[in-house]
Structures are given as structure tokens and as C-alpha cells.
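Notes for the structure review
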Amino acid sequence: MAEHKKLPEGGVIEKGGTAHGYSTGGWRKLRPVVDLGKCTNCMICWVMCPDSAVIVQDGKMVGFDLEHCKGCGICAVECPDKVKAIKMNEEAD
Amino acid sequence: MAVTAHTKKAALTGNTAVAIAMKQINPDVYPAYPITPSTGIVEDFSGFVADGSVDTELITVESEHSAMSACIGASAAGARVMTATSSQGLALMWEMLYIASGMRLPIVIADVNRALSAPINIHCDHSDSMGARDAGWLQLYAETVQEAYDNVFMAMRIAENAKVMLPAMVCMDGFITSHAIENLDLLSDEEVRGFVGEYKGRNSLLDTDNPVTWGAMVLQDHYITFKHQQSEAMTRAKGVAAGVMKEFGEKFGRPYGLIDAYRLEDAEAAIVIMNSAAGTTKVVVDDLRKQGKKVGVLRLRLFRPFPFKEIADALRGVKVVAVLDRADSMNSFGGPLFNELRSALYDLDNRPKVMSRIYGLGGRDYKVKDAVEVFEELLNISKTGKIDTMTKYITL
Ligand code: SF4
Ligand code: SF4
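Small disclaimer: the values here were computed from a predicted structure and weren't measured. (Residues numbered from 1 in each chain as written. Chains lettered and ligands numbered in written order. Predicted model: local features only at pLDDT ≥ 70, side-chain atom pairs only at ≥ 80, totals over all residues. Heavy atoms only, no water.)

**Some points on the packing of helix α9 (residues 277-290) of chain B against helix α12 (residues 368-384) of chain B**
Residues and elements named next belong to chain B.
- It is the contact of α9 with α12, at a shortest axis distance of 9 Å, that shows an interaxial angle of 60 degrees. With respect to their mutual orientation, α9 and α12 come out oblique. Read as a crossing pair, α9 and α12 show a hand that is right-handed. In contact with T280, T281, V284, V285 and L288 of α9, α12 contributes V368, A371, V372 and F375.
- Taken together, the residues of the contact of α9 with α12 break down into seven nonpolar, two polar and no charged. (Axes fitted to C-alpha atoms, helices over the stretch in contact; angles between N-to-C directions. Helix = DSSP H or I, 4+ residues; strand = E, 2+ residues; numbered from the N terminus. Parallel < 35°, antiparallel > 145°, perpendicular 65-115°, else oblique. Left-handed = near helix turned anticlockwise from the far one by under 90°. Contact = heavy atoms within 4.5 Å. Nonpolar A, V, L, I, M, F, W, Y, C, P; charged D, E, K, R; others polar.)

**With respect to the domain arrangement of chain B**
Residue and element names in this part refer to chain B.
- Here chain B is described as being made up of domain 1 (8-252) and domain 2 (259-393).
- Each of domain 1 and domain 2 has a C-alpha centre, and the two are 28 Å apart.
- Residue-level contacts link 31 residues of domain 1 with 30 residues of domain 2.
- Of the roughly 2,200 Å² buried between domain 1 and domain 2, counting both surfaces, carbon and sulfur atoms make up 53%.
- Contact with domain 2 buries area across many residues of domain 1, yet R133, E143 and K238 alone supply 30% of it, more than any other trio.
- For the pair domain 1 and domain 2, the interface holds seven salt bridges. (Domains from an automatic or database assignment. Buried area = accessible area lost by both parts, 1.4 Å probe. Salt bridge = Lys/Arg side-chain N within 4 Å of Asp/Glu carboxyl O.)

**Some remarks on the site of ligand 2**
- If you check the shell around ligand 2, you find V34, C39, T40, N41, C42, M43, C45, C79, P80, V83 and I86 of chain A and nothing else.
- For the shell around ligand 2, the class distribution of residues is nine nonpolar, two polar and no charged. (Near = heavy atom within 4 Å.)

**What to know about the sheet that holds strand β11 (residues 295-300) of chain B**
All names here are of chain B.
- With mixed pairing, six strands are arranged side by side in an open sheet as β9-β11-β10-β13-β14-β15. At either end of the open sheet lies a strand with only one pairing partner, and these are β9 (259-262) and β15 (391-393). The sheet shows a mean angle of 20 degrees between the axes of neighbouring strands, taken without regard to direction.
- Relative to β15, strand β14 (residues 353-358) runs parallel, the two sharing three bridges. Paired with R357 across the two strands is K392, which belongs to β15. (Pairing = 2+ DSSP bridges.)

**Focus on the packing of aromatic side chains**
All names here are of chain B.
- Under the definition given, this model contains 11 aromatic pairs over all chains.
- Centre to centre, the rings of F248 and Y256 are 5.9 Å apart; their planes meet at 50 degrees, and the pair counts as tilted.
- Its relative accessible area of 16% is what places Y256 among the buried residues.
- Their ring planes at 80 degrees and their centres at 5.5 Å tell us that F303 and F306 sit as a pair that is edge-to-face. (Phe/Tyr/Trp six-rings, centres within 6.5 Å; stacked < 30°, edge-to-face > 60°. Buried < 20%, exposed > 50% of the residue type's maximum accessible area, 1.4 Å probe, protein only.)

**Quick word on the layout of surface pockets**
- Counted as a void, the largest pocket has a volume near 780 Å³.
- Around the largest pocket sit 27 residues that line it, and I13, T18, A19 and Y22 of chain A together with A216 of chain B are the ones nearest its centre. (1 Å grid on protein atoms, 1.4 Å probe; cavity = no way out; pocket = protein on both sides within 12 Å on 5 of 7 lines; lining within 4 Å. Points joined across faces, edges and corners; volume = space filled by probe spheres on them.)

**Looking at the packing of helix α6 (residues 145-160) of chain B against helix α7 (residues 189-196) of chain B**
Residue and element names in this part refer to chain B.
- Contact pair α6 / α7: the axes reach a minimum separation of 9 Å and the direction vectors enclose 20 degrees. Viewed along their axes, α6 and α7 adopt a mutual orientation that is roughly parallel. Crossing hand, α6 versus α7: right-handed. Of the residues in α7, those in contact with F153, M154, M156, R157 and E160 of α6 are V192, F195 and V196.
- Across the contact of α6 with α7, the residue classes tally to six nonpolar, no polar and two charged.

**Considering the sheet that holds strand β4 (residues 82-85) of chain B**
All names here are of chain B.
- One open sheet holds the five strands; their spatial order is β4-β5-β7-β6-β12, and the pairing between them is mixed. Looking at which strands have only one partner, the edges of the open sheet turn out to be β4 and β12 (302-304). The mean inter-strand angle of the sheet, taken between neighbouring strand axes irrespective of direction, is 20 degrees.

Shown next as C-alpha cells:
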């Protein structure tokens with residue numbers, strides 16, 4: 001209880017970036033899978049992902065942060081028609 | 001009517017008096033959406049903004065839901081925030097009222113009490129603020145224009161107290177108080193500044209060096225803990241309110257308490273009532289006292305938190321009580337004030353008999369004869385010891 005009383009008033013999270021430490025990818029039904037052979041590193045998926053779950057290293061798209069990706073499929077839709085490097089697979093499969 | 005300069009004495013409507021109180025507080029942000037009968041407050045206040053007599057950012061929004069949303073955003077940014085509404089406007093704010101209180105934002109609004117539709121009605125009853133009674137807001141009620149004006153300052157102080165940090169609603173009767181002109185004493189701007197002080201919001205959204213998140217999701221792990229914190233703050237608010245009211249009385253010579261007990265000391269029968277109708281009831285009490293009848297009035301100034309102990313103390317020794325509600329809980333067992341008050345008396349050794357009377361809905365007049373009839377019924381019950389009808393509508 002004493003511990004609980006220290007929780008910040010009104011549920012404020014008193015610092016930034018805490019979502020990194022909280023896995024919210026658990027309710028994903030579809031999992032994005034990228035074919036890096038096709039990917040042109042245009043970064044459209046990185047821009048469009050609402051959860052900042054596209055991982056980019058040294059200017060290259062390298063995959064997804066599945067601790068935070070919700071499986072919405074926006075990246076797969078937005079990946080240019082000529083490329084279509086992302087497929088959404090059933091998590092259950 | 002824009003009042004740019006004022007003396008200590010003034011004759012003002014409730015709306016203008018509350019608008020002037022808000023002007024003297026000079027809030028940072030004022031999201032505005034007008035609705036009868038509170039429109040006068042917003043109208044006057046926008047005049048103060050246009051005249052440059054306040055530094056407030058007035059945001060004209062597209063609905064009351066947006067008004068409360070803007071209040072919440074601005075308050076989370078650390079601003080001192082106020083607005084005014086009535087009836088359907090408060091009802092449209094509903095969803096956001098709980099967010100304001102859950103996020104512990106000390107927003108102060110004036111609610112000019114008006115009936116809820118349907119049927120559509122613009123006149124006074126308390127169904128709007130009574131409906132919001134579980135929303136986690138402090139609620140202060142006023143009998144007169146003077147009190148409505150004074151309550152604005154007290155509400156701000158109670159809401160912003162570090163032990164409280166809850167939003168507050170300052171209620172007065174639509175038209176009866178909001179549109180009637182009464183004489184009152186105004187405080188000077190310096191007095192107001194000295195009393196309400198500066199507000200320093202915590203965890204400001206605008207402090208980009210120290211980014212914070214407001215309104216995050218909290219599940220089974222901690223939700224109940226935050227609600228418990230909120231509930232404890234509401235409990236602490238009662239003592240804070242008593243202190244603030246005492247300080248106000250000492251500073252400005254107008255004493256206030258959580259309740260207003262009128263000629264209750266040796267009373268055999270009492271009416272419990274809120275807002276302007278208490279005035280009419282007091283006149284009747286004076287008349288009946290001249291005839292030797294031991295009657296009195298209890299008026300609640302604070303409804304949230306509910307001053308259950310003070311009520312029980314004030315009614316200890318009274319034999320019969322009628323609780324007059326200007327709202328119906330539609331539970332087929334009397335109004336909201338009746339139910340809570342009856343519960344507050346339960347632990348008294350000799351608890352009074354208590355009955356519910358619902359009056360004045362939709363602005364129906366509550367007259368001297370209505371109060372006389374209730375007192376006659378009470379004095380009769382005091383003799384027979386028997387209540388015939390526990391709950392009923394009067395002023396029909
Ligand atoms: S599926 Fe949605 S959440 Fe996941 S990486 Fe693609 S855009 Fe982001
Ligand atoms: S949108 Fe497609 S091509 Fe562009 S970076 Fe993402 S996966 Fe690669």
C-alpha cells in the first residue's frame with residue numbers, strides 16, 4: 001500500500017520514452033514479415049507506422065519491433081506497389 | 001454588460017458577478033461555449049478579453065464536450081482554467097468531467113443550474129449538477145449572488161490545494177440567481193490576488209525539457225490505486241474547504257461554512273434545501289418562529305465532498321426533517337440529497353424521521369406557502385410520530 005501511494009497523482013507518467021519498456025505487441029493478430037531482398041529502403045513504412053515499430057539501422061530497414069508492432073498492416077499497404085516487400089502473416093500460423 | 005471598473009458595492013446579476021470573479025482571478029485559459037442560462041458569464045467574460053482587462057486566452061469551441069476537453073488540455077499544460085455551463089452543456093461534458101477529476105486537474109467551472117431535457121426546459125433545477133455528483137468534482141452551492149461570487153474564489157483555492165487537486169463546480173440557480181440583480185460587496189483585485197495566489201501547474205505538457213504523459217492507460221495493476229488516491233483527496237477536501245471558508249470569512253468579513261444551519265439549535269422540525277430556495281424557507285422559518293413554532297433550515301453549501309458529519313451534528317435533536325430536492329434520482333425513492341442525508345443520520349442514537357419532497361423542477365416556483373405546508377406536515381408528524389408519505393412531489 002505504501003508503495004502504491006507513491007504512484008504519481010492523476011496517473012501522470014513523469015518521464016518520456018517509457019513505452020520502450022512496456023510490451024504492447026501482445027494483441028497482434030497479423031505479423032508483418034519483410035523480404036529484405038525486395039526492399040528498396042524507401043522508408044515509407046518507417047514514416048507511416050503509427051507505433052514506430054519499423055527498425056532502421058544505418059539508413060536501412062532491417063525489420064520490426066514486435067514488442068510494439070500491433071499488426072495493423074499499414075506498412076504492408078504503404079510499401080510501394082512496385083515493391084510490395086511486406087506481407088502480413090497470421091500469428092497463429 | 002461589460003463592467004470595466006467597479007466599486008466595492010455593486011448591484012449585479014449572478015452571471016455578471018461570477019464573470020467579474022473570474023476576471024479578477026484572471027485565468028490563463030477559458031474555453032467558451034455559451035448555453036442558457038449561463039451565457040451571460042461567457043458573454044461578459046469575452047467582453048473582458050476583448051477589452052484587454054484579462055490576459056486570458058479565450059478559446060471559442062464547437063461544443064461543451066470540446067470546451068471541457070480544452071480545459072483538460074490547458075490544465076495539463078499547467079494553466080489555470082475556467083469556464084461556465086448549464087444543463088445539456090454539462091451533460092455533454094460528462095465523459096470529460098471524469099477525465100478532469102481522474103487526471104486531478106483543478107479546473108473551476110460555474111454551473112448555472114438548469115433542468116435537463118426532455119421536455120426541453122431552460123429554467124432552474126439541480127438535475128444537471130446532481131447528475132454529475134459522482135464525477136469526482138467538488139461542488140459548491142450558493143443561495144445568493146454574493147455567495148456565488150465568493151464561492152468562485154473559495155472553489156479555486158480548494159481545488160488547487162496540494163492536498164486536493166480536484167476540479168470544482170460552483171453552482172447557482174438558473175435565472176433565479178443568475179439573472180436577478182442583487183446588491184453585493186466586491187473584493188478588490190488585490191484582495192482576490194492575495195487570496196487565490198499564483199497557480200503553478202505540475203508536470204506541464206508544455207515543458208519539453210521534461211516530457212510527461214497524461215492520460216495513459218492503467219489496468220488491473222493500478223487503476224484502483226489511482227481511484228483510491230482520488231477518493232482520499234475528496235475526503236481531504238472537506239477539511240481544506242472548511243479551512244478556506246474560515247480564512248475567507250476572517251479576511252473579508254463574510255463567514256461561510258460547509259453547511260448553513262439556520263435557527264436549528266432547538267428546532268423540532270427542519271427543512272434541508274440547497275441554493276436560492278433556502279432564502280424563501282428562511283423567511284417562513286422567521287414567520288413560524290414568531291408563532292412559537294420550533295422550525296429551522298439546513299442548507300448545504302458543499303455537496304461534494306458530502307459533509308455527512310456536520311449534517312448529522314446539525315440535525316441531532318431535530319425530530320422530523322424534510323429534505324427538499326430540486327432533482328429526482330428517478331429511483332422511486334426520493335431525491336439525491338434525501339438519500340445521502342438520510343444515510344448521514346443513520347448512526348445517530350436518536351435519529352430524526354426524514355422524508356423526501358421534490359420541488360421546483362424545470363423552474364416551477366417554490367413559494368412561501370409551499371414551505372409553510374411542508375413545515376405544517378412536519379410539525380404534525382412530530383406529534384403523531386408517523387410519516388404518511390415518505391417521498392412525494394410538491395409544487396405540482
Ligand atoms: S503492422 Fe502496423 S504496427 Fe506493425 S510495423 Fe506495420 S505499420 Fe507498424
Ligand atoms: S516501404 Fe517497403 S520498400 Fe520501403 S522501406 Fe518499407 S519495406 Fe522497404
